[in-house]
Amino acid sequence: MMNAKHSHPLILLREIEKGEWAMEMPRITVEIDDRLDEGIDWMRSGGFRKATAIFCQLIKELPEHLDAYHHLALTLQRSGKRKQAADVWRCAVDLALKFFPERFDFDRHQLSWLDIDNRPFLRAYHGLGVCLLDEDQIEPALEIFERLLTLNPHDNQGARALVVGCYFELQRSEEVLSVCRQHAKDGMEQLVYGRPLALFQLGRLTTATTALNRAIKFLPLIAKELGKKQHRRPRGSNDEYVTMGGADQAYGYWKDHGKHWHQTPGALDWLKDCLKSEQSGTT
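Residues numbered from 1 in each chain as written. Predicted model: local features only at pLDDT ≥ 70, side-chain atom pairs only at ≥ 80, totals over all residues. Heavy atoms only, no water.

Colleague: Looking at this model, I keep getting lost on a negative patch on the surface. Mind explaining?
Modeller: Negative charge collects at one region of the surface, where E31, D33, D34, D37, E38, D41 and D117 lie side by side. Its location among the elements puts D37 in helix 1 (residues 30–44). (Patch = residues over 30% accessible without salt bridge, like charges linked within 9 Å, V, L, I, M, F, W, Y side chains within 5 Å. Areas by Shrake-Rupley, 256 points an atom, 1.4 Å probe, with all protein chains shown as cover. Salt bridge = Lys/Arg side-chain N within 4 Å of Asp/Glu carboxyl O. Lys, Arg positive; Asp, Glu negative; His and termini not counted. Charge placed at Lys NZ, Arg CZ, Asp CG, Glu CD. Helix = DSSP H or I, 4+ residues; strand = E, 2+ residues; numbered from the N terminus.)

Laid out in C-alpha cells, this is it:
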C-alpha cells in the first residue's frame, strides 16, 4: 500500500480558502463509483455477502477508497458483526489521517460536507465515533464528535446530538447548555429536551421548567414516552428514517437519552408534573 510520503499521494488535501480544505482522491472515477453503488444496493436489500465482496474488492484495488471502507463497515454492522465494523472504520480513519498535512489544525480548520469529496472521510470518522460511544469509550468518542463540529459547523451529520449525549454521560451539564446556546433555534430532540434537563441538573428550576414546557409543546410524544413505565418500539419504525414529532422519534430519544432522565434524581417526576400541567392547560 502506498503511504502519505509517496510522490503521488492517494489522498490529497488542498486549502481552497483560508482555513477551509478539500479532499481529492484522483484514482476514484465515475466507473468506480458505479461499482460502489452496486454494493450499496446489495447492502440495502440484505445481500450482505455480495456487498461485502464488492467493497473488499474495491479496497484491494484502491486502498484509499474511504467510502468502500465505510459501507463495508455498515454491512458488517447490519450483519451483527459490530467489532469487525469498528475495526474497518478505525482502519479507514487511520489511513486517511496519514495524508493530512502537518499544518492542518483540527481545532480551527474546516472540511465542509458541502464538498462531496470530503464526505467519505466525514462518514468514516462519524462511524468510528459512534462505535467508540457504543463501547462506552465516551471521551475518545466525544473528541471525534467535537472535531466533526469544527470540521463541518453546519453539522449535516448530527454530531451535536452525540456531543450532548457524551456531555450528559460525563456529567458536564454546563457544556450541554453551551451546545444548546450555539444552536439556539435547533429542533433536534436531543437539544430540545437536553436543555431543560441540563438546567434541572444545575438547580435552575424556573428556567428549566420554562424550557421543558416549550419542549413539550414542540415534541409532546417524547415527554409522554419518557413518562411511560413500559416502552415498545413502534410498528413500522426504521432505523434509517425518523418521523419528526412521531412515535418513532420519541422511542428513539427514550432509548438513547432516557437513562439521563432516570439517573437525575427527581427529573421524571418533574417532567410528569409539567406534562400534566400542559395537558390541563394550567401552564
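Colleague: Is there a simple way to think about a positive patch on the surface in this case?
Modeller: A surface patch of positive charge is lined by R181, R195, R204, R214 and K217. Position of R214 relative to the elements: it lies in helix 11 (residues 205–218).

Colleague: I keep staring at the confidence of the model for the protein and nothing clicks. Help me out?
Modeller: When pLDDT is low, close inspection of the predicted coordinates is not appropriate. Taken over all residues, the pLDDT of the protein has a mean of 94, while the share at 70 or more is 96%. Note that pLDDT drops below 50 for residues 1–7; the model gives that stretch 10 contacts with residues more than four away or on any other chain. (pLDDT = per-residue confidence, 0-100. Contact = heavy atoms within 4.5 Å.)

Colleague: Mind showing me how you'd approach the environment of M43 here?
Modeller: Of note, M43 is situated in helix 1. Expressed as a C-alpha distance, the spacing of M43 and L111, which sit 68 residues apart in the sequence, is 28 Å.

Colleague: How should I be thinking about the pairing of strand 1 (residues 12–17) in this particular structure?
Modeller: Note on strand geometry: in a regular strand, side chains alternate between the two faces of the sheet. Across five bridges, strand 1 lies against strand 2 (residues 20–24) in antiparallel orientation. The residue bridging L12 from the neighbouring strand is E24, located in strand 2. Adjacent in sequence and paired antiparallel, strand 1 and strand 2 are bridged by two residues, among which G19 carries a positive phi angle near 80°. (Pairing = 2+ DSSP bridges.)

Colleague: Which parts of the structure should I look at to understand the packing of helix 3 (residues 66–78) against helix 4 (residues 82–97)?
Modeller: How two helices pack is summed up by the angle between their axes together with the distance between the axes. Where helix 3 meets helix 4, the closest approach of the two axes is 7 Å, and the angle between their N-to-C directions is 165°. Between helix 3 and helix 4, the angle is such that the two are roughly antiparallel. Relative to helix 4, helix 3 is oriented so that their crossing is left-handed. Contacts from L66, Y69, H70, L72, A73, L74, L76 and Q77 of helix 3 reach helix 4 at R82, Q84, A85, V88, W89, C91, A92, L95 and A96. Classifying every residue of the contact of helix 3 with helix 4 gives 13 nonpolar, three polar and one charged. (Axes fitted to C-alpha atoms, helices over the stretch in contact; angles between N-to-C directions. Parallel < 35°, antiparallel > 145°, perpendicular 65-115°, else oblique. Left-handed = near helix turned anticlockwise from the far one by under 90°. Nonpolar A, V, L, I, M, F, W, Y, C, P; charged D, E, K, R; others polar.)

Colleague: Is there a simple way to think about helix 1 in this case?
Modeller: Three or four residues apart is the spacing at which side chains of an α-helix point the same way, because the helix has 3.6 residues per turn. For helix 1, spanning 15 residues, the distance from its first C-alpha to its last is 21 Å, which sits close to the expected 21 Å at 1.5 Å a residue. Turning to helix 1, its buried residues number three or more, namely I32, L36, G39, I40 and M43. Across the axial projection of helix 1, the buried residues extend over an arc of 105°, all falling on one side. What points out from helix 1, more than 90 degrees from its buried face, is the exposed set V30, E31, D41 and R44. On its buried side, helix 1 packs onto helix 2 (48–61) and helix 3. Phi turns positive one or two residues past the end of helix 1, at G46, with a value near 90°. (Expected span 1.5 Å × (residues − 1). Buried < 20%, exposed > 50% of the residue type's maximum accessible area, 1.4 Å probe, protein only. Arc of directions from axis to C-beta.)

Colleague: Would you take a moment to explain unusual backbone geometry for this structure?
Modeller: Backbone geometry follows two general trends: most residues other than glycine have a negative phi, and most peptide bonds adopt the trans configuration. If you check the backbone angles, D155 has positive phi at about 50° while not being a glycine. Inspection of the secondary structure puts D155 in the loop between helix 6 (138–151) and helix 7 (159–169). Residues other than glycine seldom take positive phi values, yet Q171 does so here, at roughly 55°. One can find Q171 in the loop between helix 7 and helix 8 (173–182).

Colleague: What am I meant to see in the nonpolar core here?
Modeller: When a protein is soluble and globular, its nonpolar side chains tend to lie buried together. Formed by 88 residues in total, the largest nonpolar core has its most connected members in F100, F121, Y193 and W261. When neighbours within four sequence positions are excluded, F121 is seen to be in contact with M23, L66, V93, A96, L97, F100, L111 and L151. (Core = buried A, V, L, I, M, F, W, Y, C linked by side-chain atoms within 4.5 Å.)

Colleague: Any chance you could explain the pattern of salt bridges here in plain terms?
Modeller: Oppositely charged side chains are able to pair whenever their charged atoms sit close together. What the rule picks out here adds up to 15 salt bridges. We note a salt bridge from E15 to R103, for which the minimum N-O separation is 2.8 Å. Residue E15 is located in strand 1, and its partner R103 is located in the loop between helix 4 and helix 5 (119–134); the two are separated by 88 residues in the primary sequence. Judged by relative accessible area, R103 falls into the exposed class, the value being 54%. One connected set of salt bridges, linked through shared partners, spans K83, D87 and R90.

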